[in-house]
Amino acid sequence: LPIIRVNHLTKGDDFLVDTTLFRTPAKKSFYVVDPILSFPPVCTMNDLVKQFGQPSRTLYIGAKQVLLYNYDIGTKMPSP
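Residues numbered from 1 in each chain as written. Predicted model: local features only at pLDDT ≥ 70, side-chain atom pairs only at ≥ 80, totals over all residues. Heavy atoms only, no water.

> Help me understand the packing of aromatic side chains, please; the structure alone is not making it clear to me.
Two measures describe an aromatic ring pair: the distance that separates the ring centres and the angle between the ring planes. Following the criterion strictly, the structure yields three aromatic pairs and no others. Judged by centre distance (6.0 Å) and plane angle (50 degrees), the ring pair of Tyr31 and Phe52 falls under tilted. Remark: Phe52 occurs in helix α1 (residues 45-52) and Tyr31 occurs in strand β3 (residues 29-33); sequence separation between them is 21 residues. Each of the two residues, Tyr31 as well as Phe52, counts as buried. (Phe/Tyr/Trp six-rings, centres within 6.5 Å; stacked < 30°, edge-to-face > 60°. Helix = DSSP H or I, 4+ residues; strand = E, 2+ residues; numbered from the N terminus. Buried < 20%, exposed > 50% of the residue type's maximum accessible area, 1.4 Å probe, protein only.)

> In this structure, what is going on with the sheet that holds strand β5 (residues 64-69)? I would like to understand it.
Sheet strands associate in pairs through backbone hydrogen bonding, adopting either a parallel or an antiparallel arrangement. Taken in spatial order, the three strands make up an open sheet running β3-β5-β4, and their pairing is antiparallel. In this open sheet, the two edge strands, each paired with only one partner strand, are β3 and β4 (57-61). The sheet shows a mean angle of 20 degrees between the axes of neighbouring strands, direction not considered. As paired elements, β4 and β5 share five bridges and run antiparallel to each other. Within β5, the position partnered with Ile61 by the bridge is Lys64. (Pairing = 2+ DSSP bridges. Axes fitted to C-alpha atoms, helices over the stretch in contact; angles between N-to-C directions.)

> Teacher, can you tell me more about the confidence of the model for the chain here?
Low pLDDT means the predicted coordinates in that region are not meant to be read closely. Taken residue by residue, the chain gives an average pLDDT of 85. The fraction at 70 or more is 92%. Per-element mean pLDDT across the chain ranges from 74 in strand β1 (residues 3-6) up to 96 in β4. (pLDDT = per-residue confidence, 0-100.)

> Would you explain the side chain of Asp72 in this entry?
Tracing the backbone shows Asp72 in the segment after β5. We note that Asp72 is buried and unpaired, the nearest opposite charge coming from Lys76 at a distance of 11 Å. Here Gly74 takes part through its backbone nitrogen, which lies 2.9 Å from a polar atom of the side chain of Asp72. Not counting chain neighbours up to four residues away, the residues in contact with Asp72 comprise Thr24, Pro25, Ala26, Lys27 and Ser29. (Lys, Arg positive; Asp, Glu negative; His and termini not counted. Salt bridge = Lys/Arg side-chain N within 4 Å of Asp/Glu carboxyl O. Polar contact = N/O pair within 3.5 Å; in protein donor to acceptor, adjacent residues only side chain to side chain. Contact = heavy atoms within 4.5 Å.)

> Would you mind going over the environment of Ala26 with me for this structure?
In this structure, Ala26 sits in the loop between β2 (9-12) and β3. Considering only alpha carbons, one finds Ala26 and Asp72, 46 residues apart in sequence, at a separation of 5.1 Å. Those residues in contact with Ala26 that sit more than four places away from it in its chain are Tyr71 and Asp72.

See the structure below:
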């Protein structure tokens, strides 16, 4: 689902998206960090750890990092 950064927090972005999808619970989730992406503004790793905690695992795909969590990180995001 699309996300945006607001005040150093990741928040769901409801542009052209059915917002009920943000309320669908998940047992596990992931967050892709792309260091090349500069727009829209993105959260830093420190921002992500403050908001979601340490990931259970981190995968590296080229320059990107895939942060894996054993819970639904959507529960820690402000509603879109």
